[in-house]
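# Coordinate inspection notes
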4 protein chains.
Amino acid sequence: PPKTEEEDDVAQAGVNKASKGGIIYGDYLQLDKVLGAQVLQSELKANKIHDEHLFIVTHQAYELWFKQILYELDSVRDIFISGHVRDERNMLKVNTRIHRIVMILRLLVDQFAVLETMTALDFFDFREYLSPASGFQSLQFRLLENRIGVPDNLRVPYNRRHYRDNFKGHDSELLQATEQEPSLLKLVEEWLERTPGLEVEGFNFWERLEINIFEGLKAEKEKIEKMMDGEDKQELLEEVVKQKELFTSLFDEKRHDHLVSKGERRLSYKALQGALMIYFFREEPRFQVPFQLLNSLMDIDTLMTKWRYNHVCMVHRMIGSKAGTGGSSGYHYLRSTVSDRYKVFVDLFNLATFLVPRNWVPKLNPSVHTFLYTAECCDSSYCSSEDSD
Amino acid sequence: PPKTEEEDDVAQAGVNKASKGGIIYGDYLQLDKVLGAQVLQSELKANKIHDEHLFIVTHQAYELWFKQILYELDSVRDIFISGHVRDERNMLKVNTRIHRIVMILRLLVDQFAVLETMTALDFFDFREYLSPASGFQSLQFRLLENRIGVPDNLRVPYNRRHYRDNFKGHDSELLQATEQEPSLLKLVEEWLERTPGLEVEGFNFWERLEINIFEGLKAEKEKIEKMMDGEDKQELLEEVVKQKELFTSLFDEKRHDHLVSKGERRLSYKALQGALMIYFFREEPRFQVPFQLLNSLMDIDTLMTKWRYNHVCMVHRMIGSKAGTGGSSGYHYLRSTVSDRYKVFVDLFNLATFLVPRNWVPKLNPSVHTFLYTAECCDSSYCSSEDSD
Amino acid sequence: PPKTEEEDDVAQAGVNKASKGGIIYGDYLQLDKVLGAQVLQSELKANKIHDEHLFIVTHQAYELWFKQILYELDSVRDIFISGHVRDERNMLKVNTRIHRIVMILRLLVDQFAVLETMTALDFFDFREYLSPASGFQSLQFRLLENRIGVPDNLRVPYNRRHYRDNFKGHDSELLQATEQEPSLLKLVEEWLERTPGLEVEGFNFWERLEINIFEGLKAEKEKIEKMMDGEDKQELLEEVVKQKELFTSLFDEKRHDHLVSKGERRLSYKALQGALMIYFFREEPRFQVPFQLLNSLMDIDTLMTKWRYNHVCMVHRMIGSKAGTGGSSGYHYLRSTVSDRYKVFVDLFNLATFLVPRNWVPKLNPSVHTFLYTAECCDSSYCSSEDSD
Amino acid sequence: PPKTEEEDDVAQAGVNKASKGGIIYGDYLQLDKVLGAQVLQSELKANKIHDEHLFIVTHQAYELWFKQILYELDSVRDIFISGHVRDERNMLKVNTRIHRIVMILRLLVDQFAVLETMTALDFFDFREYLSPASGFQSLQFRLLENRIGVPDNLRVPYNRRHYRDNFKGHDSELLQATEQEPSLLKLVEEWLERTPGLEVEGFNFWERLEINIFEGLKAEKEKIEKMMDGEDKQELLEEVVKQKELFTSLFDEKRHDHLVSKGERRLSYKALQGALMIYFFREEPRFQVPFQLLNSLMDIDTLMTKWRYNHVCMVHRMIGSKAGTGGSSGYHYLRSTVSDRYKVFVDLFNLATFLVPRNWVPKLNPSVHTFLYTAECCDSSYCSSEDSD
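Residues numbered from 1 in each chain as written. Chains lettered and ligands numbered in written order. Predicted model: local features only at pLDDT ≥ 70, side-chain atom pairs only at ≥ 80, totals over all residues. Heavy atoms only, no water.

Here the focus is the pattern of salt bridges. Following the criterion strictly, the structure yields 78 salt bridges over all chains and no others. Salt-bridge contacts for R286 of chain C lead to E88 of chain C; the nearest nitrogen and oxygen are separated by 2.4 Å. Highlighted residues: R286 of chain C in helix α15 (residues 285–319) and E88 of chain C in the loop between α5 (52–81) and α6 (91–115), separated in sequence by 198 residues. Each of the two residues, R286 of chain C as well as E88 of chain C, counts as buried. The closest approach of N and O atoms between E179 of chain D and R164 of chain D, which form a salt bridge, is 2.8 Å. Placement of E179 of chain D in helix α9 (residues 169–180) and of R164 of chain D in the loop between α8 (139–148) and α9 is noted, with a sequence separation of 15 residues between them. Residues participating in the shared-partner salt-bridge network are D74, R77, R147 and E181 of chain A. (Salt bridge = Lys/Arg side-chain N within 4 Å of Asp/Glu carboxyl O. Helix = DSSP H or I, 4+ residues; strand = E, 2+ residues; numbered from the N terminus. Buried < 20%, exposed > 50% of the residue type's maximum accessible area, 1.4 Å probe, protein only.)

Now the structure itself:
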């Protein structure tokens with residue numbers, strides 16, 4: 001289509017800066033390294049198989065993005081560890097970076113579609129050359145799991161051995177270190193425990209919630225008892241009994257600790273209270289961003305689990321029920337890791353079980369709830385430093 | 001959730017092969033290189049800006065995938081150049097690899113969503129450190145355009161200079177070479193020219209099509225002339241005149257060559273005939289895979305153009321109407337490249353203009369159309385070699 | 001940006017046809033029906049909850065697409081049932097429509113991202129009004145499963161009852177009918193059984209494959225036995241034994257039938273042979289499109305299973321571990337359906353277990369393999385009718 | 001895979017509620033209407049073309065989602081119009097719903113991939129039956145544009161006529177009404193004008209910013225003047241002059257109003273100031289959610305424009321350069337609408353042109369910036385009503 005001269009002028013108005021020296025694109029990105037790292041084992045063995053190149057590039061792309069995820073994750077963990085999170089101005093950064101992880105994971109889930117253009121038959125042609133290399137040996141993926149908070153004791157073993165036995169020397173130490181360092185789960189837990197409104201001498205959310213719920217259930221029961229007899233009445237009464245049991249369990253700290261010890265809950269009793277408070281008062285100005293954060297954490301869990309599942313599907317297609325190149329049981333091993341055991345923030349999902357009608361939620365007294373629209377910021381020097389990482 | 005022991009047994013039945021030596025994951029993928037190539041310019045200048053890491057990783061991921069696309073593209077071009085394409089068994093490979101390029105491009109179009117988690121403000125903080133590096137200097141992207149078949153003379157200039165002036169030494173020579181080598185467009189053109197059924201002494205598709213179309217139009221005109229007078233009649237007659245003009249242009253080789261010289265058509269007159277023949281007889285066994293190929297080529301064009309457009313959108317957001325880091329006019333330069341000038345297979349799209357009712361398509365005489373269900377295969381030695389690349 | 005007048009002229013050159021009468025957009029699409037079907041139960045109960053609208057629209061969009069999938073599926077099944085599939089010209093149609101189903105399913109998997117913008121708390125507000133409606137009652141989804149070929153006896157029961165008990169009258173009969181009608185699985189099975197090359201008096205693929213494999217394994221064993229002693233030797237020998245067992249099972253028809261009776265295999269012994277033959281000779285002209293079809297069938301299985309898994313993830317988030325609105329155990333019920341039991345074409349995946357080195361595949365004698373590049377077409381009248389549906 | 005009995009128990013623990021009456025799935029979703037609205041024109045004309053069904057379903061799915069977008073958009077506009085937006089608790093709702101629109105648009109951009117499984121040839125077979133129906137007649141799409149804020153005077157005409165001339169009676173009136181009602185753009189503008197910190201008697205952001213910028217530029221100029229002579233020096237000085245011109249334009253209200261009159265800017269001078277203030281102080285607690293909102297508004301613009309572009313690509317493929325079914329110039333008309341004229345929030349993009357180094361941004365005095373971490377909430381009755389829509 002013809003263009004006006006004026007348009008052309010605008011599009012061509014630049015000055016070519018590169019001619020004057022300084023860094024250029026390829027050096028900036030170190031493309032000699034990145035694009036020089038595709039060595040086909042099949043070619044080394046004098047039997048070049050075309051599709052091995054795709055296999056390599058895809059895995060390198062995964063590792064590149066894993067590095068980015070770890071980078072974001074560590075920066076967020078630093079904000080929590082350093083206490084900077086107490087200045088609520090830093091919540092934007094936390095939220096943005098966690099959201100970025102979500103967006104990357106979304107891409108990685110879709111990325112399987114590219115590798116799936118390789119059929120089982122294409123893979124078979126070079127598969128023997130890969131042994132014993134295996135995706136199980138991805139250090140970054142294990143670091144990622146540890147830093148989010150997959151607990152050591154809930155991991156599915158790998159060929160009946162501890163996952164860390166598959167790593168040596170520095171890598172093994174690095175993994176052990178990340179098992180000791182505070183995971184995102186632990187840091188979020190501490191932060192939730194400080195949720196404003198939980199204090200007994202203040203709003204005392206938890207006690208007031210307990211009272212409201214059991215009064216609510218009592219009222220409901222009374223209402224049902226006034227109904228005419230019939231099958232429905234009995235059923236409704238049974239439902240109230242069930243609800244009562246359910247909520248009794250919620251307010252039973254011992255039971256909570258028991259579930260934690262079994263790995264069925266992961267957050268402390270106090271942190272759980274904080275999360276539920278944020279759920280109920282999510283519209284209060286101070287809780288809007290924290291509420292988004294809790295949702296993004298569930299996104300991460302969901303996407304990690306979808307990633308695992310898509311991986312399983314691809315492996316099933318590639319090798320049927322054969323053993324993996326690293327010697328694992330392949331499909332069956334991977335299938336066993338698509339489990340709630342690997343859902344780090346499972347408590348945030350399960351809180352949906354404890355929702356109650358809006359009128360049971362403790363009311364915020366106008367004179368009291370000021371703290372929910374006044375953020376905590378410190379004006380000291382360290383707060384103003386934007387990017388001290 | 002509890003598992004049976006039997007299930008556990010299956011999932012844990014592997015043997016850990018890595019303990020015995022041999023290549024492992026990280027070495028296979030050369031992760032030391034790939035994951036050691038993220039150097040932040042802002043950090044070198046003692047002002048580390050967090051988001052520069054994302055900027056680097058995203059561009060590296062793009063370049064990795066560009067390498068894969070070039071790899072597939074070259075392997076397909078080799079099949080055409082070597083003449084292996086005459087053995088129709090190789091069409092599966094051609095089709096699969098072109099389709100793989102489509103799948104990669106689809107991922108790359110989506111990948112902008114990740115970089116878009118960086119706001120203009122985040123970018124501004126490290127943008128000055130990048131100068132004069134610029135995406136315009138991506139060698140692989142220019143190679144890609146050349147190998148698909150973006151013609152030199154239709155390129156939008158860059159700051160009023162030839163695009164190749166922005167590359168030096170080896171890179172510039174490489175680009176010049178790819179301008180001379182047969183592009184995918186040229187190779188597809190030659191292949192289309194050989195479409196069975198075009199031969200004058202055989203089915204003679206083109207002449208028969210011309211006859212049918214003009215007879216059809218004549219019959220239509222006569223039918224309309226018998227109608228009662230009225231506004232509609234006049235309009236329908238005008239429509240027939242327009243159609244006649246349109247189809248006259250299709251069968252006018254001189255006009256075709258004129259359009260080619262202006263860059264509005266790209267395929268030879270003969271190749272265009274082949275493409276239209278494949279369109280009309282796409283269900284014939286020999287044409288099913290070629291028809292898919294033509295569709296995939298349009299997919300590539302469409303996705304490249306969507307990639308350009310998404311790039312424009314992102315740049316608009318990042319730098320408003322500022323100049324690019326390389327000195328170009330940024331947004332306005334990029335905007336001007338989202339143009340049909342860069343659609344290599346534009347003729348395949350425009351063929352939609354020349355579709356006709358099914359009963360105008362020349363009929364295949366049963367005794368004649370055997371050639372459309374008998375593939376050409378050679379049983380000589382080179383044909384059986386599957387992956388000689 | 002300014003435009004030339006010429007450009008404007010082109011863009012504005014149309015004639016407004018709608019002013020002359022005839023069908024217009026809204027009537028064509030019956031938008032009065034489609035856009036008049038959003039009735040919020042919460043609003044009827046005088047407690048309008050904003051997010052219920054999204055809930056309704058999302059489910060309607062799912063059902064619209066299910067209808068399209070069923071439409072494509074039925075048209076493909078008709079081509080098989082009517083025998084039109086014997087004219088290989090119809091394979092393009094089969095392939096294109098199955099591929100379209102794949103593309104729709106891909107959209108549906110992504111579509112969960114929209115409903116996930118609704119939090120558990122938003123859902124809780126109107127959830128009670130929905131009871132006892134439940135996604136389990138989606139007739140189209142059950143029809144879809146039946147028509148693809150989910151077998152009745154492998155279905156997970158629903159609240160300990162047969163899935164069909166949840167449907168009444170006409171719907172229940174419709175479901176029962178689809179259980180009797182040939183599913184896509186059965187039709188593909190019959191088609192695979194006719195794969196050219198299986199005939200004992202012809203190429204006799206199966207017997208020749210068996211011979212080659214066991215000769216190959218024997219040769220391998222002998223080679224290993226000549227090696228020096230050591231741990232490796234023993235291991236390699238064990239591996240050969242395992243392989244021998246594996247392949248013995250492949251050629252054991254009784255064992256196959258036993259696995260079929262347990263639901264672990266679904267295709268007949270003969271059909272499995274056909275599929276494997278297509279795998280090995282996928283590059284032969286006649287097998288290129290059939291090979292794509294087999295891949296698309298696996299795509300359907302994979303995407304259906306991803307759809308189930310994404311559904312599970314969403315439900316976990318919405319209701320935690322509560323019961324579903326229809327009374328099911330919700331999350332736990334759905335989780336149990338993400339199982340290989342629901343993978344209809346599981347045999348196509350598992351064939352990856354039986355791949356062998358290329359030199360073990362029976363060689364095609366040049367004079368013999370003509371049948372692999374000559375398609376079967378009939379020139380009778382019904383073949384030429386393109387869209388008789 | 002075998003399951004424990006316990007697991008089965010959990011998955012089957014539900015009670016079938018549907019058997020007791022009440023609304024069921026199909027009635028709730030009014031599937032009789034939604035799934036009964038696919039009438040093929042080609043079938044009515046006794047020439048059923050298979051692919052018309054896909055064409056109908058795809059467009060219905062688009063319209064369903066357009067309805068949802070309008071629903072969310074209207075609810076957000078209501079929050080602004082009613083003044084509820086002054087209670088910052090409502091910002092979560094605004095943000096969530098705008099984000100939901102973003103997610104829907106993302107799906108709609110991808111949805112073209114499904115319709116693209118239909119080739120030009122398939123479309124040609126039923127295209128004549130559709131005339132004069134045309135996507136241009138989509139009432140909801142025009143309403144959507146108007147409610148977001150596409151201004152009447154910037155619209156590309158359609159066949160040289162006003163877009164509204166293509167609608168009759170009630171539809172035309174509805175469109176005219178939405179041109180008068182406050183668009184999202186206007187409402188966001190008013191809201192931005194109230195950004196805390198703009199007040200001259202308060203923080204006086206704008207004046208302080210102007211002072212800082214020109215002092216900054218002066219200092220830069222002086223620094224350059226002290227440099228040794230050379231080509232670079234001259235260039236840097238020219239750059240400062242350009243910058244000075246640029247920022248002079250920013251603080252020139254008359255020039256701003258002139259640009260508004262030409263349609264190159266859309267927001268009032270005051271609103272632009274508010275937006276820039278939010279950009280610079282985005283980390284302040286009160287601005288975190290507003291900053292997200294501004295980003296989501298750009299997302300909407302970007303996705304609407306991607307939608308238009310994908311639409312253009314699809315149309316090019318379907319009809320080449322033929323006229324549209326409604327009589328428009330088809331491809332060329334649509335191409336002309338992929339323009340910044342249709343970017344409603346273009347000012348938010350262009351603000352990237354006016355970013356300055358962090359140390360030029362006016363400092364927040366600790367005693368002063370309290371207002372940036374204290375939200376405005378009203379405790380009156382209307383605020384507490386969560387969902388009064």
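On to the interface of chain C and chain A, then. How big an interface is tends to be reported as the loss of accessible area on association of its parts. Opposite the 49 residues of chain C that make contact, chain A presents 49 residues. Between chain C and chain A lies a buried interface of about 4,100 Å² when both sides are counted; carbon and sulfur atoms form 55% of it. Linking chain C with chain A are eight salt bridges. Between R358 of chain A and D125 of chain C there is a salt bridge, and its shortest N-O distance comes to 2.6 Å. Linking chain C to chain A there are twelve residue pairs in polar contact (both at pLDDT 80 or more). Secondary structure elements with two or more residues in the side of chain C that touches chain A: α1 (5–11), α7 (120–130), α14 (269–280), α15, α16 (331–337) and α17 (346–350) of chain C. (Contact = heavy atoms within 4.5 Å. Buried area = accessible area lost by both parts, 1.4 Å probe. Polar contact = N/O pair within 3.5 Å; in protein donor to acceptor, adjacent residues only side chain to side chain.)

Mapping chain C onto chain A is achieved by rotating through 180 degrees and translating by 0.0 Å along the same axis, at an RMSD of 0.0 Å. The operation mapping one copy onto its partner corresponds to a two-fold rotation axis. Of the interface residues in chain C, 100% have counterparts in chain A that sit at the interface too, so the contact is made through matching surfaces. (Least-squares fit on C-alpha atoms with pLDDT ≥ 70 in both.)

A cluster of like negative charges, contributed by D110 of chain A, D110 of chain B, D110 of chain C together with D110 of chain D, occupies part of the molecular surface. Residue placement: D110 of chain B occurs in helix α6 (residues 91–115). (Patch = residues over 30% accessible without salt bridge, like charges linked within 9 Å, V, L, I, M, F, W, Y side chains within 5 Å. Areas by Shrake-Rupley, 256 points an atom, 1.4 Å probe, with all protein chains shown as cover. Lys, Arg positive; Asp, Glu negative; His and termini not counted. Charge placed at Lys NZ, Arg CZ, Asp CG, Glu CD.)

Let's shift gears to the packing of α8 of chain D against helix α15 (residues 285–319) of chain D. All names here are of chain D. One can describe the packing of α8 onto α15 by two numbers: an axis separation of 13 Å at closest approach and a directional angle of 150 degrees. By the angle between their axes, α8 is roughly antiparallel relative to α15. In this structure, α8 meets α15 at a crossing whose hand is left-handed. From α8, F141, L144, E145 and I148 reach across to α15, where they touch I300, M304, W307 and R308. (Axes fitted to C-alpha atoms, helices over the stretch in contact; angles between N-to-C directions. Parallel < 35°, antiparallel > 145°, perpendicular 65-115°, else oblique. Left-handed = near helix turned anticlockwise from the far one by under 90°.)

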